[in-house]
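Residue-level listing of the chains:
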Amino acid sequence: MGDLADDCYDWALQEYFTEAEDLQYLTNSIDNQIVVNDIISSFINEPPNQSLDYEVLARDILQTAAKTKRLSFKQKYRLVQVLYNRNHERYGCL
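Computed from a prediction, not measured in an experiment: that's the story for all the values here.

Colleague: Explain a negative patch on the surface residue by residue, including any values.
Modeller: Side chains of Asp3, Asp6, Asp7 and Asp10 sit close together on the surface and give a patch of like negative charge. Structurally, Asp10 is set in helix 1 (residues 2–29). On the basis of relative accessibility, which here comes to 45%, the residue Asp10 falls in the partly exposed class.

Shown next as structure tokens:
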């Protein structure tokens, strides 16, 4: 039984790091304005789910970015994460 638990743990770590690498790549390769446009259209089609903290945070980031006209790397990463989790066409699994 210990081998199965180890295998499951290894698989979970690999899955987590694969997603993190995908998000890092997408964040670096897609322009800020494209990310903002995509998140706006995504929120128009399907409003943020209030029970998911990262979607509420993305909405708040979008509001802040609209006021400041700037988007930090961490903010962009969170927006890309929402698009990735929603399986947006440009941000689906790589």
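Colleague: Before we move on, can you summarise the nonpolar core with the specific residues and values?
Modeller: Most often, soluble globular proteins have nonpolar side chains that are buried together. Within the largest apolar cluster, 19 residues are counted, with the highest numbers of intra-cluster contacts made by Val35, Ile39, Leu79 and Tyr91. Residue assignment for this core shows that the elements contributing at least two residues are helix 1, helix 2 (32–45), helix 3 (53–68) and helix 4 (73–85). Here this core takes six residues from helix 4, the largest share from any one element. For Tyr91, the contacting residues outside a window of four places in its chain are Leu26, Ile30, Ile34, Val35, Asp38, Val80, Leu83 and Tyr84.

Colleague: Let's hear about helix 4: which residues, and what values?
Modeller: Helix length check: helix 4 (13 residues) gives 18 Å between terminal C-alpha atoms against 18 Å at 1.5 Å per residue, within 8%. Buried residues of helix 4: Lys76, Tyr77, Leu79, Val80, Gln81, Val82, Leu83 and Tyr84, and no others. Asn87, located one to two residues past helix 4, shows a positive phi value of around 60°.

Conventions and cut-offs
Residues numbered from 1 in each chain as written. Predicted model: local features only at pLDDT ≥ 70, side-chain atom pairs only at ≥ 80, totals over all residues. Heavy atoms only, no water. Patch = residues over 30% accessible without salt bridge, like charges linked within 9 Å, V, L, I, M, F, W, Y side chains within 5 Å. Areas by Shrake-Rupley, 256 points an atom, 1.4 Å probe, with all protein chains shown as cover. Salt bridge = Lys/Arg side-chain N within 4 Å of Asp/Glu carboxyl O. Lys, Arg positive; Asp, Glu negative; His and termini not counted. Charge placed at Lys NZ, Arg CZ, Asp CG, Glu CD. Helix = DSSP H or I, 4+ residues; strand = E, 2+ residues; numbered from the N terminus. Buried < 20%, exposed > 50% of the residue type's maximum accessible area, 1.4 Å probe, protein only. Core = buried A, V, L, I, M, F, W, Y, C linked by side-chain atoms within 4.5 Å. Contact = heavy atoms within 4.5 Å. Expected span 1.5 Å × (residues − 1).

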